[in-house]
Amino acid sequence: MAFRLPNGSTFDFAEEYDDEVTILSISNANPAVATLETGHGIVAGDIVVVQSGWVKLTGRAFKVGTVTGDTVVLLGVNTLSTQSYPAGTSAGSAKKVSKWVNIPQITEVASSGGEQQFYQFGFLEEDEDRQIPTTKSPSTLTLTVADDPSQPYVPVVESADELKEERIQRLNLVNGDIILYNSIASITNTPSLTRNQIMVRTITLAQQGRVTRYKAGV
């Protein structure tokens, strides 16, 4: 049994990326191993976003493990299933974060979506309906932040909002775990104005791929 408070956690937002590099192939393995173009510049510990012929990988953020020449380990993803990850169709691209900016003064974090959807049906001779799982609803993370236009993250998030660009976010938990998101961000133009409460703005992060979580030390 384990439990903890979120107090002391920090939240980073990708400010800059290196140039995109070509993924020649990704192995059916656990964890997956990607073969990149020569001179890719990616090293162990980097955080990358992947685009791939494998739709389940596209838009996801991963931490890089061992790098050997042009092959890099993508930690936290199991691609053994050739049903989900058909061999020979994995080529794509990867892009690593080269600079982060911290989002401080977060007063509240809320998540929504991700609920399992179901198809419900029944046969003529049955008295009870059946249901089978289908897809999950889109997931959104909402940050409420103290209004402070002097913070370095503000123009970065506003620019991402204007361009509707996907950006990686990194949640650093106090126990050393990290959670990676890849989202399209939007931020309210003006702060809330409620008497006797601090002025806040809202950052909404529409997730573009499944989140990836890493235990401390991974």
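So, here's what we can say about the structure. Note that this is a predicted model, so its numbers are computed, not measured. Per-chain numbering applies: the sequence of each chain, read as written, is numbered from 1 onward. A pLDDT threshold of at least 70 governs which residues receive local features in this predicted model, and a stricter bar of 80 or more applies before side-chain atom pairs are shown or counted, although totals over entire chains, interfaces and linings include all residues. Only heavy atoms go into the side-chain values, all of them from the structure, while hydrogens and water stay out.

A closer look at the packing of aromatic side chains
- Planes of paired rings set the category: under 30 degrees apart is stacked, over 60 is edge-to-face and the rest tilted, where pairs are Phe, Tyr or Trp rings (Trp by its six-membered ring) whose centres lie within 6.5 Å. Summed over all chains, the structure comprises four aromatic pairs.
- Between Phe-121 and Phe-123 the ring centres are 5.6 Å apart and the planes differ by 75 degrees, which places this aromatic pair in the edge-to-face class.
- Ring pairing ties together the aromatic residues Tyr-119, Phe-121 and Phe-123, which thus form one cluster.
- For a ring to carry a charge above it, either NZ of a lysine or CZ of an arginine must fall within 6 Å of the ring centroid while also lying within 35 degrees of the normal to the ring plane. Here Lys-95 stacks its cationic end above the ring of Tyr-17, 4.8 Å away from the centre of that ring.
- Between the NZ or CZ atom of Arg-170 and the centre of the ring of Trp-100, over which it lies, the distance is 4.2 Å.

Focus on the pattern of salt bridges
- Salt bridge criterion: a side-chain nitrogen from Lys or Arg within 4 Å of a carboxyl oxygen from Asp or Glu. Enumeration over the complete set of coordinates arrives at nine salt bridges.
- In this structure, Arg-170 engages Asp-12 in a salt bridge whose closest nitrogen and oxygen atoms are separated by 2.9 Å. One end of the pair, Arg-170, is in strand β12 (residues 166–172); the other, Asp-12, is in strand β1 (residues 10–17), and 158 residues separate them in sequence. For the residue pair Arg-170 and Asp-12, the accessibility class agrees, reading buried in each case.
- Salt-bridge contacts for Lys-99 lead to Glu-15; the nearest nitrogen and oxygen are separated by 3.8 Å. Of this pair, Lys-99 sits in strand β7 (residues 92–102) while Glu-15 sits in strand β1; the two residues are 84 residues apart in sequence, bridging distant segments of the chain. Helix numbers and strand numbers start at the N terminus; a helix is a DSSP run of H or I with at least 4 residues, a strand a run of E with at least 2. Exposure categories follow from relative accessible area, calculated using a 1.4 Å probe and restricted to protein chains: below 20% of the type maximum is buried, above 50% is exposed, and the middle band is partly exposed.

A closer look at unusual backbone geometry
- Residue Pro-31 follows Asn-30 across a cis peptide bond; omega there is 0 degrees.
- Note on placement: Pro-31 falls in the loop between β2 (21–26) and β3 (32–36).
- A positive phi angle, close to 55 degrees, is found at Lys-164, a residue other than glycine.
- Checked against the element boundaries, Lys-164 lands in the loop between α1 (153–163) and β12.
- In the Ramachandran plot, Asn-196 falls in the positive-phi region, its phi being about 70 degrees despite a non-glycine side chain.

Quick word on α1
- Those residues of α1 that fall on the buried side of the exposure criterion are Tyr-153, Val-154, Val-156, Val-157, Ala-160 and Asp-161. Across the axial projection of α1, the buried residues extend over an arc of 170 degrees, all falling on one side. Residues of α1 that are exposed and angled more than 90 degrees away from the buried face: Glu-162 and Leu-163.
- Contacts are assigned to residue pairs with any non-hydrogen atoms lying within 4.5 Å of each other. Where α1 is buried, its residues contact β1, β7, β11 (140–146), β12, β13 (178–187) and β14 (200–207).
- Just downstream of α1, Lys-164 is the residue with a positive phi angle, here 55 degrees. In this context, the arc is that of the directions from the helix axis out to the C-beta atoms.

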